[in-house]
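Now for the letters of each chain:
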Amino acid sequence: MADLGAVSVPVKIKEYLMEISRRVWYNHAKHRREVAFLKIFKRILWIFCIFTALCLVTLTFLWLYLPRAEYGFARESADDVNRAYLVASAQKYLDVQEGSPEHHAIIDIYNAYEPLAQGYEVKYDDDWCATFVSVAAIETRITDVIPTECSCERQIGLWQELDRWEETDSYLPLPGDIIYYDWDVRTLGNSTGWSDHVGIVVGTHGPFIKVIEGNKDDAVGYRYILRWDPRIRGYGVPNYTEE
């Protein structure tokens, strides 16, 4: 009869060697997976870094370039002078801060105008973007073509009554047009929501629109926005030739 103890020793050695082989193979496979993962991670990290750098360069370029670009008429207009007159009236208030004497003067000019829209006197702590547009019209004496209002939505309604409301995405605005926004919009297409801000178009440069606005970060300031930005609600288009 064979010695069972003698037989079991080679078997145990074989099992031990197989276990070592399995561990070596497992560790090798694990190492390969880790190396492959690190390679993928490094590629993703490089792509992210390059994308971030490009975004920063683009934003820096736009931040430096847009305020210095020449903005004007993107197409011919028969009423350039009157349009420029409105823009100049608004620009004289540039950098006026909310709560300052100059800001109070803007509100006072609006409240002194007759007839006062809706019979409502604007308070110094009210939103005043539409009030600012109205004051520019009052001071240039063109309230017959730019209806005065302190509410964006009610002013849009007045444009519609005058048949001077434009909300197609393809519209190319001119200096002196009145631009309205709906900040809640996040998708492309014609915006038909509630307008919550307004400004005066200063001009266009390529795909960008320069706008002067009251109540922009609690002051009078410029905004630069793409023509096809979905947050643009539409435009009031004054008929300056009737002025």
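Scroll up for the structure.
Residues numbered from 1 in each chain as written. Predicted model: local features only at pLDDT ≥ 70, side-chain atom pairs only at ≥ 80, totals over all residues. Heavy atoms only, no water.

Caption draft 1: Expanded view of the sheet that holds strand S6 (residues 232-236). Pairing in this open sheet of six strands is antiparallel, and the strands run S1-S6-S2-S3-S4-S5 from one edge to the other. Taken across any chain shown, the strands that pair with only one partner, and hence form the sheet edges, are strand S1 (165-166) and strand S5 (221-226). With five bridges joining them, strand S3 (residues 197-205) and strand S4 (residues 208-213) adopt antiparallel strand pairing. Considered in S4, the bridge of Gly-203 is made with Lys-210. Contacts from helix H2 (residues 80-91) reach strand S2 (178-181), S3, S4 and S5, with the element oriented near 120 degrees to S3. Those strands touched by helix H4 (residues 129-139) are S2, S3 and S4, and its axis lies near 60 degrees from that of S3. (Pairing = 2+ DSSP bridges. Helix = DSSP H or I, 4+ residues; strand = E, 2+ residues; numbered from the N terminus. Contact = heavy atoms within 4.5 Å. Axes fitted to C-alpha atoms, helices over the stretch in contact; angles between N-to-C directions.)

Caption draft 2: Here's a closer look at the nonpolar core. Counting 34 residues, the largest nonpolar core has Leu-86, Ile-146, Ile-178, Tyr-180, Val-198 and Ile-200 as its most contacted members. Those elements that provide at least two residues to this core are H2, helix H3 (101-112), H4, helix H5 (152-161), S2 and S3. Tallying contributions element by element places H4 first for this core, with seven residues. Judged by nonpolar contacts, the second largest core, of ten residues, contains Ile-179, Ile-209, Ile-232 and Tyr-235. (Core = buried A, V, L, I, M, F, W, Y, C linked by side-chain atoms within 4.5 Å. Buried < 20%, exposed > 50% of the residue type's maximum accessible area, 1.4 Å probe, protein only.)

Caption draft 3: Local environment of the packing of H2 against H4. Taken N-terminus to C-terminus, the directions of H2 and H4 make an angle of 120 degrees; their axes are 9 Å apart at the nearest point. Classified by the angle their axes make, H2 and H4 are oblique. Two packed elements cross with a definite hand, and for H2 against H4 that hand is right-handed. Residue-level inspection shows Leu-86, Ser-89 and Ala-90 of H2 in contact with H4, the latter providing Phe-132, Ala-136, Ala-137 and Glu-139. A per-class count over the contact of H2 with H4 returns five nonpolar, one polar and one charged. (Parallel < 35°, antiparallel > 145°, perpendicular 65-115°, else oblique. Left-handed = near helix turned anticlockwise from the far one by under 90°. Nonpolar A, V, L, I, M, F, W, Y, C, P; charged D, E, K, R; others polar.)

Caption draft 4: Quick look at H4. Taken across its eleven residues, H4 has ten buried, putting it largely inside the fold. Residues of H4 that are buried include every one of Cys-129, Ala-130, Thr-131, Phe-132, Val-133, Ser-134, Val-135, Ala-136, Ala-137 and Ile-138, and no others. Next to the buried residues of H4 lie H2, H3, H5, S2, S3 and S4. Where H4 ends, the next residue or the one after it, Arg-141, has phi of about 60 degrees, a positive value.

These figures come from the coordinates and say nothing about function on their own.
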